[in-house]
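Summary of structural features
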Amino acid sequence: MTDQDFTTQVTVRGYETDTQGHLNQAVYLQYAEHARWEYLQAAGIRQADLVAKGVGPVVLETTVKYLRELRAGDTVEISCAFSWREGKTFQVVQRLVREDGVLAAEITGVGGILDLAERRLVGDPREPLRALASDPGLLGL
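Structure report, in brief.

Summed over the entire model, instances satisfying the criterion amount to 8 salt bridges. Between Glu16 and Arg13 there is a salt bridge, with its nearest N and O atoms 2.7 Å apart. Judged by relative accessible area, Arg13 falls into the partly exposed class, the value being 36%. A salt bridge links Arg126 to Asp124; its shortest N-O distance comes to 3.0 Å. Exposure remark for Arg126: the relative accessible area of 17% places this residue in the buried category. Here the salt bridges share partners, and the residues they tie into one network are Glu86, Asp124 and Arg126.

Size it by volume and the largest pocket reaches roughly 320 Å³. If you trace the largest pocket, you find 23 residues lining it, with Glu33, Arg36, Val58, Val59 and Val92 closest to the centre. Elements that contribute at least two residues to the lining of the largest pocket include exactly helix H1 (25-42), strand S2 (55-66), strand S4 (89-98) and strand S5 (103-115). The biggest single contributor to the lining of the largest pocket is S5, with 7 residues. Its residues assigned to classes, the lining of the largest pocket shows 14 nonpolar, 6 polar and 3 charged.

Judged by nonpolar contacts, the single largest core of 17 residues is most densely connected at Tyr39, Leu40, Ile45, Phe82, Ile113, Leu129 and Leu139. Listed by contribution, the elements that provide at least two residues to this core are H1, strand S3 (75-84) and S4. Per-element accounting of this core gives the leading share, 3 residues, to S3. Apart from residues lying up to four places away in sequence, Ile113 is in contact with Val55, Gly56, Pro57, Phe90, Arg120, Leu121, Val122, Pro125, Pro128 and Leu129. Val12, Leu23, Tyr31 and Ala35 belong to the second largest nonpolar core, which has 15 residues in total.

Conventions and cut-offs
Residues numbered from 1 in each chain as written. Predicted model: local features only at pLDDT ≥ 70, side-chain atom pairs only at ≥ 80, totals over all residues. Heavy atoms only, no water. Salt bridge = Lys/Arg side-chain N within 4 Å of Asp/Glu carboxyl O. Buried < 20%, exposed > 50% of the residue type's maximum accessible area, 1.4 Å probe, protein only. 1 Å grid on protein atoms, 1.4 Å probe; cavity = no way out; pocket = protein on both sides within 12 Å on 5 of 7 lines; lining within 4 Å. Points joined across faces, edges and corners; volume = space filled by probe spheres on them. Helix = DSSP H or I, 4+ residues; strand = E, 2+ residues; numbered from the N terminus. Nonpolar A, V, L, I, M, F, W, Y, C, P; charged D, E, K, R; others polar. Core = buried A, V, L, I, M, F, W, Y, C linked by side-chain atoms within 4.5 Å. Contact = heavy atoms within 4.5 Å.

Spelled out as structure tokens, the structure:
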């Protein structure tokens, strides 16, 4: 077990690469987004459930450290860990690791849960997720 709470895998597709044959920089963010949704779904939270409750996750800040190349055909494991703190926001740490064990990128971010009617962050982002999750412990709730 790593210090990450959840992992999923993706194989880099050729059309996701740039002219140098590297994974396009924007696709790293798409992989991270994919892993976050997979993580929520593993805990029993579907996108439709969030919308029905009138809330949705938002990304407020993202930092990407590109460390090694990812190329077409590489299998990459994308991890995700939420770090809960007091207040309206939480931190997300994600790592993209090639199948040879090399850390290719680290993505850190700050997120929140938006009240879709009020268009403001909810006071405690853990509450709506805890209420919807069938396995809140998986999310550290």
